[in-house]
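Structure at a glance
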Amino acid sequence: MILLLLAVAGCEEKARQSQEPEQVLSSLEARAAERWDALIRGDFNAAYLYASPAYRALYTPQQFSSRFGRQVLWERVDVGPIEPLSEDAARVGITIHFSYHQVESGQTLEASTFVRESWILADGDWWYVPGDRG
């Protein structure tokens, strides 16, 4: 009976361990999407709160928001793929769908681009590392 209980406990532990990386990456995917939702809304103060604590210690929300222009209108993003670099660092692929007004032709053009963002895991949360797009 004791051996059976130990075997079941061992299986449960293996299942928990195998799910943890997926849950961790799912959490990262959600945070990256939330950050971009804030950027799309133009809520740079909310997006700033996803920046790493080290970045926020050096830069104000105003300095952060000054990085963004107003000529491009972000429409939506697709998050993925996620490339784990270690247990506490990953690179997140982001496809940004946007539109912009072309002054010369008077037309609004739609396009998309792909970027890679660096994220770190610290104090139980994923944090965006501004400036490194890998």
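Before reading on, note that the structure itself is shown above.
Residues numbered from 1 in each chain as written. Predicted model: local features only at pLDDT ≥ 70, side-chain atom pairs only at ≥ 80, totals over all residues. Heavy atoms only, no water.

1. Points about the overall build of the protein
As a reminder, the rule being used: Helix numbers and strand numbers start at the N terminus; a helix is a DSSP run of H or I with at least 4 residues, a strand a run of E with at least 2. Residue burial is assigned from relative accessible area. The probe radius is 1.4 Å, only protein chains are included, and a residue is buried under 20% of its type maximum, exposed over 50%, and partly exposed in between. Residues are treated as being in contact if the distance between any of their heavy atoms lies within 4.5 Å. Using a 1.4 Å probe, accessible areas were evaluated by the Shrake-Rupley method; residue-level cover was limited to the displayed protein chains.
Within the protein one finds four helices and four strands. Tracing the protein from N to C terminus, the helices and strands come up as α-α-α-α-β-β-β-β. Taking all 134 residues of the protein together, 27% fall into the buried category. The long-range fraction of contacts in the protein, counting pairs at least 24 apart against all pairs at least 6 apart in sequence, stands at 47%. Carbon and sulfur atoms make up 54% of the accessible area of the protein, which totals about 8700 Å².

2. Considering the environment of Leu73
You can see Leu73 is positioned in strand β1 (residues 72–86). Separated by 27 residues in sequence, Leu73 and Tyr100 have C-alpha atoms that sit 6.1 Å apart. Filtering out sequence-adjacent residues up to four positions away, Leu73 remains in contact with His97, Phe98 and Ser99.

3. Focus: the packing of aromatic side chains
The test is simple: Each Phe, Tyr or Trp ring (for Trp, its six-membered ring) is paired with any other whose centre lies within 6.5 Å, and the angle between the two planes then decides the class: stacked below 30 degrees, edge-to-face above 60, tilted in between. For a Lys NZ or an Arg CZ to count as sitting over a ring, it must be within 6 Å of the ring centre and within 35 degrees of the ring normal.
One pass over the full model with this rule turns up nine aromatic pairs. The interplanar angle of 55 degrees and the centroid separation of 5.7 Å between the aromatic rings of Trp119 and Tyr128 together place this pair among those described as tilted. By relative accessible area, which is 0% here, Tyr128 ends up buried. Above the face of the Tyr128 ring, Arg35 is positioned so that its terminal group lies 3.6 Å from the ring centre.

4. Observations concerning the pairing of β1
Heads up, the rule is: At least two bridges found by DSSP between two strands are what make those strands a pair.
In this structure, β1 lies alongside strand β2 (residues 89–102), joined through eleven bridges in antiparallel fashion. Among the inter-strand pairings, Arg76 is bridged to a residue of β2, identified as His97. Counted between consecutive antiparallel strands, the loop separating β1 from β2 contains two residues.

5. Quick word on the nonpolar core
Across soluble globular proteins, nonpolar side chains have a tendency to be buried as a group. So the rule is basically this: Take the buried Ala, Val, Leu, Ile, Met, Phe, Trp, Tyr and Cys residues and link them wherever side-chain atoms come within 4.5 Å; each set so joined is a nonpolar core.
In terms of nonpolar packing, the biggest core is built from 24 residues, with Trp36, Leu39, Trp74, Ile94, Ile96 and Trp119 touching the most fellow members. For this core, the elements supplying multiple residues, two or more each, are α1 (2–41), α2 (44–48), β1, β2, β3 (107–122) and β4 (125–129).

6. Observations concerning the sheet that holds β1
Here is the rule: Convention adopted: a line fitted to C-alpha atoms gives each axis, helices being fitted over their contacting stretch, and angles between N-to-C directions are expressed from 0 to 180 degrees.
Spatially, the four strands line up as an open sheet ordered β1-β2-β3-β4, and their pairing is antiparallel. The open sheet is flanked by β1 and β4, the only strands paired with a single partner. Ignoring strand direction, the axes of neighbouring strands in this sheet form an average angle of 30 degrees.

7. Some details on unusual backbone geometry
Of note, the amide linkage connecting Gly80 to Pro81 takes the cis form, showing an omega dihedral of 5 degrees. Backbone geometry at Asp123 places phi at a positive 55 degrees, although glycine is not the residue there. When you line up the elements, Asp123 lands in the loop between β3 and β4.

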